[in-house]
Amino acid sequence: MSNDAAQGKRIPYIRLRNIKKSFGHVIALDGIDLDVYPGEVMALVGDNGAGKSTLIKIISGVLNPDEGELSLNGKTFKHLTPSRAIELGISTVYQDLALVDCLDVASNIFLGREPLKACFFVDKKRMNRESEELLRRLKVSIPSVTTPVEFLSGGQRQGVAVARSINLQGRMIIFDEPTAAMGVSESARVLELIRSLGDEGFAVLVISHNLHHVFTIADRICVIRNGRLVKDFRTENTNPDQVVGFITGSNRYSGEYTEESITAWR
Amino acid sequence: MFPKIKLLLGNIFPQLLLILVMLVMVIFLSVASPFFLTWDNFRNVFDHSSLYIIMALGMTFVISSGGVDLSVGAVAALSGVCMAVAMQSGLGVGTSILIGLAAGGLVGATNGSIISLFKINPFIVTLGFMSLARGLALIITGGIPIYGFPRAFTWWGSGHIGPLNPPMLLAAFMAVLAALVLNMSRFGYYTVALGGNEEALRRSGVSIHLYKIMVYLLCGVTAALGGLIVTARLNTAEPLAGWMLEMDSIAAVVLGGTSMKGGRGSIAGTLIACLLLGILRNGLVILSIPAYYQQLLIGMIILTAVIFAEVRSRKGLAGTHKKERSTAV
Ligand SMILES: Nc1ncnc2c1ncn2[C@@H]1O[C@H](COP(=O)(O)OP(=O)(O)O)[C@@H](O)[C@H]1O
Ligand SMILES: [Mg+2]
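Just so it is clear, the structure is predicted and the values come from calculations on it, not from any experiment. (Residues numbered from 1 in each chain as written. Chains lettered and ligands numbered in written order. Predicted model: local features only at pLDDT ≥ 70, side-chain atom pairs only at ≥ 80, totals over all residues. Heavy atoms only, no water.)

### Notes on the environment of Gly51(A)
All names here are of chain A.
Inference 1: Within the element layout of this structure, Gly51 appears in the loop between β3 (40-45) and α2 (52-59).
Inference 2: Sequence separation between Gly51 and Val93 is 42 residues; the distance between their C-alpha atoms is 16 Å.
Inference 3: The residues contacting Gly51, other than those within four sequence positions of it, are Ala28, Leu29 and Ile224. (Helix = DSSP H or I, 4+ residues; strand = E, 2+ residues; numbered from the N terminus. Contact = heavy atoms within 4.5 Å.)

Spelled out as structure tokens, the structure:
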């Protein structure tokens, strides 16, 4: 409880108010209010088609909302653009990865912010060197940073996408199902990274279907169903059964939890 | 190490094959005609190829970016006509050339703007501009060629610089510039990325409209340079000049290994392909085969090159892909 009170005084990194978005007849988001805080890993969970990816695309400026507003750094926006979002410190690992297959690993990691030399030439050597360092730091194993990403495995591609977003040096990092194509050890490393980003003070928003992962790394769990935010939990105040209840809409679980049911999941 | 070498070889395979075909052709033509292997004849080949090289360089950027520009032949004619009209009205040679280049750039930028802002298929848009530019060239001249230009202008087509001539040097200069820009500049990276995954580039915060417009603008300018050479060479601005030059440019680019789907472009390949086509045309003349067959052959070459590239990207690359995956797991 004291935790919740303390959180109330903190300033959110981003604040969404009444975000609505439709695609033709499909209402993807139906009035979302959401605050994401620095130093906190927030998990967004929900069924397929609940609107999670649409929501993070609005935060990263890829989509414009039909209604509602976003506040950051004391400024309010009707919508963002990808470059504005990046300037405001928001970097995103998209579910569909958004890598350029024909470019190599280093060029993808630096896409849009290639270092230059002599004001014209892309400094490929520096890009390669810094990409190697970054990948080593993130413990992503890739044969060579000069390999085109089309030759990489699904897990390696996700590793590159994660490195890309870290390299943007934002203060808020969004992961849309970052471990979906990864093996056990690869996803363990990414989860560790996400947790450490939260501890280092980044505002972290993670979408995942894997409740086990969610309960391992998240400080907060928000459930989204049919485009509405139906529940906002502190992780220690809930358990997987209850979360599943809100995801499916059955709310089977009464809401009490026991120490055992949580530790069992952790 | 080994997969890396294989990858490199895989990347330059089409170009290596072209060089091989070129060697076979050179040997065959040398045997068939004593005239073929002379400096005069090679100078001829380079001279003719320079026009195609310059126009195909711009086309390489457009096709790498996942587009196509069917208007280049008509834009070459329109630019030539603009230069001629400017000179007739008493403007200097330099100013007139700049006006012609600006006209080409303007058509290119308009092509790019419509394609990018309205998200319309480049094939349709540039087909429209092909007709529009040709129509303008005909309207401006009233359908009658304009001729008789100052020496300083015709120098661009038939001048001499030692054993070489201005079109050759312009082509060489442009080729080096294009290679540097496509392979080493941000503009080049984004050109390829536009063809590879436009949405990824957009999400990286890059203005895809700006870069797409620049790609077509560049192609319009190289088309206008082609117009300069054609007009200066013939000492005539002919509204019907540059007929089917779009076909020759596209053929050279595709033959050179640039992917019609975008995301892969090779300036060296375009250069080699232009020379190959130049030797082919020259060979047909030397062997006194009627010019009509050139048209037939170019068509066949485009089809063969596209089929070859498609089969290769399905078989070859998909194969390496799987292999890399299994070793990675
Ligand atoms: N570009 C689009 N065009 C049309 N419908 C879309 C588009 N993107 C998402 N949707 C629809 O919006 C809803 C929410 O999708 P999404 O945000 O991807 O869900 P989630 O990521 O939670 O699985 C779904 O019904 C989906 O079909
Ligand atoms: Mg999704």
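### Section: the domain arrangement of chain A
All names here are of chain A.
Inference 1: By domain assignment, chain A separates into domain 1 (3-89 + 171-263) and domain 2 (101-168).
Inference 2: Its C-alpha centre places domain 1 at a distance of 27 Å from the equivalent point of domain 2.
Inference 3: Facing 13 residues of domain 1, the contacting portion of domain 2 comprises 12 residues.
Inference 4: Carbon and sulfur atoms supply 65% of the area buried between domain 1 and domain 2, which totals about 940 Å² over both sides.
Inference 5: Its largest share of buried area at the contact with domain 2, domain 1 owes to Ile86, Arg189 and Leu193, together 43% of the area lost on that side.
Inference 6: Between the two partners, domain 1 and domain 2, sit zero salt bridges.
Inference 7: Among the elements that line the side of domain 1 that touches domain 2, the one with the most residues is helix α7 (residues 184-199), at four residues.
Inference 8: Residues of the side of domain 1 that touches domain 2, tallied by class, amount to nine nonpolar, one polar and three charged. (Domains from an automatic or database assignment. Buried area = accessible area lost by both parts, 1.4 Å probe. Salt bridge = Lys/Arg side-chain N within 4 Å of Asp/Glu carboxyl O. Nonpolar A, V, L, I, M, F, W, Y, C, P; charged D, E, K, R; others polar.)

### Considerations on the site of ligand 1
All names here are of chain A.
Inference 1: Neighbouring ligand 1 are the residues Phe23, Val26, Ala28, Asp47, Asn48, Gly49, Ala50, Gly51, Lys52, Ser53 and Thr54.
Inference 2: Ala50 places a polar main-chain atom, nitrogen or oxygen, 3.3 Å from an oxygen atom of ligand 1.
Inference 3: Here an oxygen atom of ligand 1 and a side-chain polar atom of Ser53 are 2.8 Å apart.
Inference 4: In isolation ligand 1 has 570 Å² of accessible area, and contact with the protein removes 59% of it.
Inference 5: It is α2 that contributes the most residues to the shell around ligand 1, three residues altogether. (Near = heavy atom within 4 Å. Polar contact = N/O pair within 3.5 Å; in protein donor to acceptor, adjacent residues only side chain to side chain. Areas by Shrake-Rupley, 256 points an atom, 1.4 Å probe, with all protein chains shown as cover.)

### Some words on the environment of Ser131(A)
Inference 1: Following the sequence through the fold, Ser131(A) ends up in helix α5 (residues 124-137).
Inference 2: A C-alpha to C-alpha distance of 8.9 Å links Ser131(A) and Ser107(A), two positions 24 residues apart in sequence.

### Some remarks on the coordination of the magnesium ion (ligand 2)
All names here are of chain A.
Inference 1: Looking at the metal site, the magnesium ion (ligand 2) is ligated by Ser53 (OG) and Gln95 (OE1), spaced 2.1 to 2.2 Å from it. Here Gln95 lies in the loop between β6 (90-93) and α4 (105-109) and Ser53 lies in helix α2, a separation of 42 residues in the sequence.
Inference 2: Residue Gln95 is classed as partly exposed on the basis of its relative accessible area, which comes to 40%. (Donors = N, O, S within 2.8 Å, 3.2 Å for Na, K, Ca; no water. Buried < 20%, exposed > 50% of the residue type's maximum accessible area, 1.4 Å probe, protein only.)

### Quick look at the packing of aromatic side chains
Inference 1: Applying the stated criterion to the full structure yields 10 aromatic pairs over all chains.
Inference 2: The interplanar angle of 70 degrees and the centroid separation of 5.2 Å between the aromatic rings of Phe149(B) and Phe153(B) together place this pair among those described as edge-to-face. Residues Phe149(B) and Phe153(B) agree in their burial class; the two are buried.
Inference 3: Relative to Tyr211(B), the ring of Phe187(B) has its centre 6.2 Å away and its plane inclined at 25 degrees; by these criteria the two rings are stacked. Residue Phe187(B) is located in helix α8 (residues 186-203), and its partner Tyr211(B) is located in helix α9 (residues 208-234); the two are separated by 24 residues in the primary sequence.
Inference 4: Of the residues examined, Tyr211(B) reaches a relative accessible area of 15% and is grouped as buried.
Inference 5: Here a set of aromatic residues connected by ring pairs shows up, and it is made of Phe61(B), Phe187(B), Tyr190(B) and Tyr211(B).
Inference 6: Taking NZ or CZ as reference, Arg171(A) lies 4.5 Å from the ring centre of Phe202(A), over its face.
Inference 7: Over the ring of Tyr94(A) we find Arg203(B), and its NZ or CZ is 4.3 Å from the ring centre. (Phe/Tyr/Trp six-rings, centres within 6.5 Å; stacked < 30°, edge-to-face > 60°. Lys NZ or Arg CZ within 6 Å of the ring centre and 35° of its normal.)

### Focus: the pattern of salt bridges
Inference 1: For the structure on display, the rule yields 22 salt bridges over all chains.
Inference 2: With its nearest N and O atoms 2.9 Å apart, the salt bridge here joins Arg220(A) to Glu40(A). In this pair, Arg220(A) sits in strand β11 (residues 220-225) while Glu40(A) sits in strand β3, placing the two residues 180 residues apart along the sequence.
Inference 3: Judged by its relative accessible area of 2%, Glu40(A) falls in the buried class.
Inference 4: For Lys212(B), the salt bridge goes to Glu198(B), with nearest N and O atoms at 3.1 Å. Placement of the pair is Lys212(B) in helix α9 and Glu198(B) in helix α8, with a sequence separation of 14 residues.

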